[in-house]
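For reference, the chains in residue letters:
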Amino acid sequence: MELDLFNGLNSRQTEAVRHTQGPCMILAGAGSGKTKVLTCRIANLIVNEGVSPDSIMAITFTNKAAQEMKKRIRNMIPGYSGQWIQTFHAACYKILRMDIQHLGYDKNFVIMDDSDCKSLLKSTLKENQFYDVKAEDLLYPIKQMKNRLANPEEFFINMKLSLEMKEKYLQIYRAYSRQLKEINALDFEDLIVLCTKLFRNFPEVLEKYRNWFRYILVDEYQDTNMSQYDLIHCLAERNKNLFIVGDPDQSIYSWRGAEPHNIKRFLKDYPEARVIKLEQNYRSTGNILDAANHIINYNTGREDKHLFTDSGPGELITCFNAPDSFQEARFIAENISEALASEGCRYRDCAIFYRTHAQSRVIEEALTRRNIPYKIIGASKFYDRKEIKDILSYLRLVCNPNDILSFERIVNMSKKGVGRKTLDKIRTLAQEKALPILEVLNFTEEIAGLGQKSRATLEEFYGMLKYFTALNDGGSSLADLLDAVLETTSYKETLIKNDHLEAEARLENIHELRSLALEFEQNGGSGLEEFLAGTVLVQEADDVDDSDLVFMMTFHGAKGLEFSHVFMSGMEEGVFPSYRSESREEMEEERRLCYVGITRARKRLFLSHTVTRLLYGYERNNAPSRFLKEIPEGLLKIPAQRVYLHTPIQEGDTVLHRKFGPGNVLELREDGIIAIIDFERGGTKMMRLDMAPLEKIG
DNA sequence: AGGATTAACTTTTTT
DNA sequence: AGTTAATCCT
């Protein structure tokens, strides 16, 4: 019996889903149903072609995309495990957990996130007394070097720096690598790079995985970097069952090491590859699509690709020029209210995009004034939060007594008395004795010049960690372990004492961490190592969910999402495109970012720009974005200039003035810009409603 | 050792 | 403007 996977697919999609053997590249335009194609193809392979489910590997960039794929396939094939539908990093983690010993690492390695790496670099710089090098200056080149699988010597020598600096960089890089290895830690890049090393240097290991992964699919191929390309190529080059999906026009991460060129490289490496273009868009109205097509056509050297839709032109695109960013924000708020009232949409159908997070504050304020609920996506990540990092540091130290970063983070937390000097002594002793940093605390009497107070703190800390370690070794659950940590450290009490304002939110986060631990174990996860790896690999920020709120995010954060009403704010030269994008390549990436933004919209698109904007403490007069001029005028509708008020005010309303207190609105003049108000304190005044600090209270 | 002040920045951040 | 890191001061 053939599962009907082809119902509702167009001919191109069907061709893609039916593709079974050999290399294939799908050029999938925005909203053309690429996830459908990916999931249906996997289902087709399993159900109709008899392929074993676990011999299929599907790689994504985000956990969200991986989850979504698993979910959709499970809808077609109940009980499907999808254990190799993973992000690049998670898949590599799984492989390395099985085979990293070939490379001389321990199986229980830990993963360091970027802030950990930065701290590590900082301490390395200090040790070497390189005061003229900043950790950030090194972090990016090191990542870039690893992403490109470059030779360190060559890479640093080719940097545009003085010879002395190049040598310093190389020296720090070596010290950094040594230290990572010493504490049995891998950074994000290592996960990929070490996997390729494993495959290249140990043919029998590669053979095992090649036999395992008979079919490989890669999503968002335009975002792969060189090491990721190499990884996939290693696995696929023999049987060539490689199915890649990508859209060069949505490549917006080249600044992070992605090489969109990999799409062309794929065709060189697999000249026999079948290429299928998905150009029919099922998301946006004709006008929106038209605008997107016009803009992206300004980029050079594009593959010929033109999105079309069967749906009608729809509404025109609204383009508003606001006097300042405050009125731009009110324009957005008012149009959201209007859409809710007259078009029957919900808050969650609306999204506001901006180029930088700094732009969100003014908009938030306007939404709050109108009582519009909103949620900011992607601003602060859960596992980046201080309280979470603190608590996790205890667990990490239980796992890995070498974890010097976690140690330094928490050793001075509950009881004070350990500062820079003492830490230096501990570090030195650890080196002398070649002991893990934690175990040095067993020898506090050997630390010269240690005060009574410091010693007491250290000994208590050591006892605490031994207790946690015993709990973990005794097989206690993660939730119990977390409770023990919270209890013994009095973390909550300290939090409330020191941090009245944010304590509640922080406590909530700690609670959430406990839930995550419970969930991890309920889903069959086991072991502190794997849980901790998950906390690094799943950097989940606040996510678009089922709640009925307006979503606010950067253009980058909008990729992969869709909303019926989209507001693109700050469409100004210097803001979007960013003033930092100077070269043609950078400008074209900004344009692709704009293309991504526009193609998120289903029904209505609102573009706005301002005459003057307050940004970084200065008022700036920005010209309208070049992207606005790239949209044919016929697609645009320019609303009449009007003043957007904090709150719509009518005659007879009661208002509250910041200085004069409550008052009654007697009369409105000049189309409602000017009001005559009778204040209880201060008498009758005439004021401009767009300037005055007024709130409507009745 | 730890709080207080000042200087230095500020694009985007899938893992 | 607003945040964060580095430095100074007690």
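Let us look at the structure shown here.

What counts, and where the lines are drawn
- Residues numbered from 1 in each chain as written.
- Chains lettered and ligands numbered in written order.
- Predicted model: local features only at pLDDT ≥ 70, side-chain atom pairs only at ≥ 80, totals over all residues.
- Heavy atoms only, no water.
- Helix = DSSP H or I, 4+ residues; strand = E, 2+ residues; numbered from the N terminus.
- Buried < 20%, exposed > 50% of the residue type's maximum accessible area, 1.4 Å probe, protein only.
- Contact = heavy atoms within 4.5 Å.
- Phe/Tyr/Trp six-rings, centres within 6.5 Å; stacked < 30°, edge-to-face > 60°.
- Near = heavy atom within 4 Å.
- Core = buried A, V, L, I, M, F, W, Y, C linked by side-chain atoms within 4.5 Å.
- Polar contact = N/O pair within 3.5 Å; in protein donor to acceptor, adjacent residues only side chain to side chain.
- Nonpolar A, V, L, I, M, F, W, Y, C, P; charged D, E, K, R; others polar.
- Salt bridge = Lys/Arg side-chain N within 4 Å of Asp/Glu carboxyl O.
- Pairing = 2+ DSSP bridges.
- Axes fitted to C-alpha atoms, helices over the stretch in contact; angles between N-to-C directions.
- Expected span 1.5 Å × (residues − 1).

## Thoughts on the environment of Tyr-169
- Mapping Tyr-169 onto the fold places it in helix α8 (residues 163-182).
- Residue classification places Tyr-169 among the buried residues on the basis of a relative accessible area of 6%.
- Apart from residues lying up to four places away in sequence, Tyr-169 is in contact with Val-133, Asp-137, Leu-138, Pro-141, Phe-156, Met-159 and Leu-161.

## Observations regarding the packing of aromatic side chains
- Following the criterion strictly, the structure yields 29 aromatic pairs and no others.
- With a centroid separation of 5.8 Å and an interplanar angle of 70°, the aromatic rings of Phe-353 and Phe-555 are classed as edge-to-face. With Phe-353 in strand β10 (residues 350-354) and Phe-555 in the loop between β12 (550-554) and β13 (563-568), the pair connects residues that are 202 residues apart, well separated along the chain.
- For Phe-353, a relative accessible area of 0% corresponds to the buried category.
- For Phe-555, a relative accessible area of 0% puts it in the buried group.
- Geometrically, the ring pair formed by Phe-555 and Phe-576 is tilted, given 4.4 Å between the ring centres and 35° between the ring planes. Separated by 21 residues along the polypeptide, Phe-555 in the loop between β12 and β13 and Phe-576 in the loop between β13 and α24 (584-598) bring together distant segments of the chain. There is no split in this pair, since Phe-555 and Phe-576 are both buried.
- An aromatic cluster of at least three residues, connected via ring pairs, comprises Phe-353, Phe-551, Phe-555, Phe-563, Phe-576 and Phe-627.

## Considerations on the protein's contact with DNA strand C
- Within the structure, DNA strand C sits among Lys-122, Arg-361, Tyr-616 and Gly-617.
- Considering the 4 Å shell around the protein, atoms of DNA strand C inside it are sugar or phosphate in 44% of instances.

## Regarding the nonpolar core
- In terms of nonpolar packing, the biggest core is built from 73 residues, with Phe-156, Tyr-394, Leu-395, Phe-407, Phe-461, Phe-468 and Leu-513 touching the most fellow members.
- If sequence neighbours within four positions are ignored, Leu-395 has contacts with Leu-481, Leu-482, Val-485, Leu-528, Phe-531 and Leu-532.
- Among the nonpolar cores identified, the runner-up in size contains 47 residues, and Ile-59, Ile-100, Tyr-209 and Ala-273 belong to it.

## What to know about the protein's contact with DNA strand B
- Around DNA strand B sit 32 residues, and of these Arg-256, Arg-355, Lys-381, Gly-419 and Arg-580 come closest.
- Within 4 Å of the protein, the contacting atoms of DNA strand B are drawn from sugar and phosphate to the extent of 55%.
- A distance of 2.5 Å is found between a phosphate oxygen of DNA strand B and a side-chain nitrogen or oxygen belonging to Lys-381.
- For DNA strand B, a sugar or linking oxygen lies 2.8 Å from a polar atom in the backbone of Leu-537.
- By residue number, the principal contributor to the surface near DNA strand B is helix α18 (residues 420-433), which donates three residues.
- The class makeup of the residues in the surface near DNA strand B is eight nonpolar, 14 polar and ten charged.

## Describing the pattern of salt bridges
- Scanning the entire structure with this criterion turns up 46 salt bridges.
- A salt bridge links Lys-466 to Glu-439; the nearest nitrogen and oxygen atoms lie 3.1 Å apart. Of this pair, Lys-466 sits in helix α19 (residues 452-473) while Glu-439 sits in the loop between α18 and α19, and the two are 27 residues apart along the sequence.
- Lys-466 sits in the partly exposed class, given a relative accessible area of 36%.
- You can call Glu-439 buried: its relative accessible area is 18%.
- Of the charged contacts, one joins Arg-584 and Glu-588 as a salt bridge, the two residues approaching to 3.3 Å between their closest N and O atoms. Of this pair, Arg-584 and Glu-588 both sit in helix α24, four residues apart, which is roughly one turn of the helix.
- Take Arg-584: its relative accessible area is 48%, and that puts it in the partly exposed class.
- Among the charged side chains, a salt-bridge network with shared partners connects Lys-34, Asp-219, Glu-220, Asp-223 and Lys-559.

## A few points about the sheet that holds strand β20 (residues 683-688)
- Within the open sheet, the five strands sit side by side as β20-β19-β18-β17-β21. Their pairing is antiparallel. If you trace the sheet from one side to the other, it starts and ends with β20 and β21 (694-696), each paired once. In this sheet, neighbouring strand axes are inclined to one another by 40° on average, regardless of whether the strands run parallel or antiparallel.
- Summarising the sheet, strand β19 (residues 674-679) and β20 pair through six bridges and their orientation is antiparallel. Among the inter-strand pairings, Asp-678 is bridged to a residue of β20, identified as Thr-684.

## Quick notes on the sheet that holds strand β2 (residues 56-60)
- With respect to topology, six strands assemble into an open sheet ordered β3-β2-β6-β7-β1-β8, the strand pairing being parallel. The strands lining the two open edges of the sheet, one partner per strand, are β3 (85-87) and β8 (274-278). Averaged over all neighbouring strand pairs, the angle between strand axes comes to 15°, with direction disregarded.
- Bridge count for β2 against β3 is three bridges, and the pairing is parallel. Residue Thr-60 lies in a different strand from β3, and its bridge partner there is Thr-87.
- Helix α4 (residues 88-99) contacts β2, β3 and β6 (215-218) of the sheet and is inclined by roughly 105° relative to β3.

## A word on α8
- Spanning 20 residues, α8 covers 29 Å between terminal C-alpha atoms, matching the ideal 28 Å at 1.5 Å per step.
- Within α8 the residues assigned to the buried category are Met-165, Lys-166, Lys-168, Tyr-169, Leu-170, Ile-172, Tyr-173, Ala-175, Tyr-176, Gln-179 and Leu-180.
- Where the residues of α8 are buried, they touch β4 (110-112), α5 (114-127), α6 (135-147), α7 (152-157), β5 (185-187) and α9 (188-201).
- Asn-184 occupies a position one or two residues after α8 and carries a positive phi of about 55°.

All we've got here are geometric facts, nothing functional implied.
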